Amino acid sequence: MKEIVDAISQYNRILVVGHIMPDGDCVSSVLSLTLGLERIGKEVRAAIDYRVPYVFENFPHIERIEQNVDFEPELVIVVDASSPDRIGRFQDLLKEVPSAVIDHHSTNVLFGKWNWVDPSFAATAQMVFRLNRKLGVEYDPVLATLNYLGIATDTGFFRHSNTDARVFEDAYELVKIGADAHFVAKEILENKRFEQFKLFAEVLERLQLLENGRIAYSYIDYDTYLRHNCTDEDSAGFVGELRSIRGVEVAVLFMEFPKGKIHVSMRSKDWFNVNEVAFELGGGGHPRAAGVTFEGEKLENVISRVIDHLLGRFKEGVSREGEKTSQRSVLGR
């Protein structure tokens, strides 16, 4: 962090960039850092090479995030992205402008001139919170709410296994400043379109269970999105619902997007590391939440390839978990 603080002191015109298919942590980190840098006198622009999902439309300053930026930065700060391709066309700027990377993904390839990567944090928003404080940024309820957004969403509203004492401490500090926790929960969790429910009904109809119900997977082809007047925004969170099925350890959702893209979202509940599977297939993420995107392949081929790979890894994992359970039993006796 110190190196990034030093870098920020050297430059005035700064572009803050988040990853494509932005989630709450991405949006939160981009806006929180943008506002923070402005409050210490920097000229800042915020950018994401992807449309921002509608669930964020009522958040303050959301209009600040641009897809097309007419701006010549002296420094690019990339937040919550593990590799250059995750920031879309803005990766071209990295060849021309000094860059700093702030991220919490263990698969980060350290692609900036300065890299602050720490997987011990549940959300990049926590790292932005610390950076802003180090810079002397003054917080108010608006900035606190934006910063809280990333912490709440990347921990599944404090339900995921990455929810540790530091998460609660940071959330407490932000709420004490004035973060509106109810507003964040309402906008993210209770803001669904009716069409989403119809789309999810088809996901359930196509649901397949493997390994005695421990693996669940389904898919949404592009025609189904069109038929229900939906986009990939509407399927956000579906894979988490599949994971919530009793007995399921791993859930996978295959989503076919325009221009031949197929995104695979993976979630696990207790012990299986989906990040390993995603990384081996060209993606990445976290132990309990990861993904990978394929281009130019047929949906059925991607499903077959990913599920075959996952099954192999899962059976290895089951064997290892069985050995651990046996060892624990012996030690217990």
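Residues numbered from 1 in each chain as written. Predicted model: local features only at pLDDT ≥ 70, side-chain atom pairs only at ≥ 80, totals over all residues. Heavy atoms only, no water.

The chain has the name Phosphoesterase, RecJ domain protein in an unreviewed UniProt entry, where Thermotoga neapolitana is given as its organism.

*Asks:* Break down the pattern of salt bridges for me, with residues and values.
*Replies:* Under the criterion given, the structure shown has 22 salt bridges. Arg-45 is the partner of Glu-66 in a salt bridge, and the nearest nitrogen-oxygen pair spans 2.8 Å. Here the residue Glu-66 occupies a position in strand S3 (residues 65-66), and Arg-45 occupies one in strand S2 (residues 43-47), the gap between them amounting to 21 residues. With a shortest N-O distance of 2.4 Å, Arg-227 and Glu-202 are connected by a salt bridge. Here Arg-227, found in helix H8 (residues 222-227), pairs with Glu-202, found in helix H7 (residues 194-205); they are 25 residues apart in sequence, far enough to count as distant. (Salt bridge = Lys/Arg side-chain N within 4 Å of Asp/Glu carboxyl O. Helix = DSSP H or I, 4+ residues; strand = E, 2+ residues; numbered from the N terminus.)

*Asks:* Would you mind going over the packing of helix H3 (residues 124-134) against helix H5 (residues 165-177) in detail, with residue names and values included?
*Replies:* Their axes nearest at 11 Å, the elements H3 and H5 cross at an angle of 55°. It follows from the interaxial angle that H3 and H5 lie oblique. Read as a crossing pair, H3 and H5 show a hand that is left-handed. Residues Gln-126, Phe-129, Arg-130 and Arg-133 of H3 lie in contact with H5, whose contacting residues are Arg-166, Val-167, Asp-170, Glu-173 and Leu-174. A class-by-class count of the residues in the contact of H3 with H5 yields three nonpolar, one polar and five charged. (Axes fitted to C-alpha atoms, helices over the stretch in contact; angles between N-to-C directions. Parallel < 35°, antiparallel > 145°, perpendicular 65-115°, else oblique. Left-handed = near helix turned anticlockwise from the far one by under 90°. Contact = heavy atoms within 4.5 Å. Nonpolar A, V, L, I, M, F, W, Y, C, P; charged D, E, K, R; others polar.)

*Asks:* Give me the UniProt feature "domain: DHHA1" (unreviewed entry) in the chain: which residues, what numbers.
*Replies:* Residues annotated in UniProt with the feature "domain: DHHA1" (unreviewed entry) correspond here to residues 213-308. Regarding residues 213-308, the helix share stands at 30% and the strand share at 32%, and the terminal C-alpha atoms are separated by 16 Å. (UniProt positions renumbered as here; feature names shortened; annotations may be inferred.)

*Asks:* For the UniProt feature "domain: DDH" (unreviewed entry) in the chain, give the residues involved together with the corresponding values.
*Replies:* Under the feature "domain: DDH" (unreviewed entry), the UniProt entry names residues 13-151. In residues 13-151, the share of helix is 27% and the share of strand is 19%. The end C-alpha atoms are 27 Å apart.

*Asks:* Requested: an account of the pairing of strand S1 (residues 13-17), with residues and values cited.
*Replies:* Among the five residues that make up S1, four are buried, leaving the element largely enclosed by the rest of the structure. Pairing of S1 with S2, which is carried by five bridges, proceeds in the parallel orientation. Counterpart to Val-17 in the pairing with S2 is Ala-47. The parallel pair S1 and S2 is bridged by helix H2 (residues 24-39), and the resulting crossover is right-handed. (Buried < 20%, exposed > 50% of the residue type's maximum accessible area, 1.4 Å probe, protein only. Pairing = 2+ DSSP bridges. Right-handed = clockwise from strand over helix to strand, strands pointing away.)

*Asks:* How would you explain the side chain of Ser-235 if you had to name every residue and give the values?
*Replies:* If you trace the backbone, Ser-235 turns up in the loop between H8 and helix H9 (238-243). A distance of 2.9 Å separates the side chain of Ser-235 from the backbone oxygen of Asp-232, its partner in a polar contact. Each residue touching Ser-235, except ones within four places of it in the same chain, is listed here: Leu-199, Ile-220, Tyr-225, Leu-253 and Met-255. (Polar contact = N/O pair within 3.5 Å; in protein donor to acceptor, adjacent residues only side chain to side chain.)

*Asks:* Any chance you could break down the sheet that holds strand S10 (residues 261-268) for me, citing the residues and the numbers?
*Replies:* Judged by pairing direction, the sheet is mixed, and its six strands sit side by side in the order S7-S8-S9-S10-S12-S11 without closing on themselves. Each end of this open sheet is capped by a strand with a single partner; those strands are strand S7 (208-210) and strand S11 (284-285).

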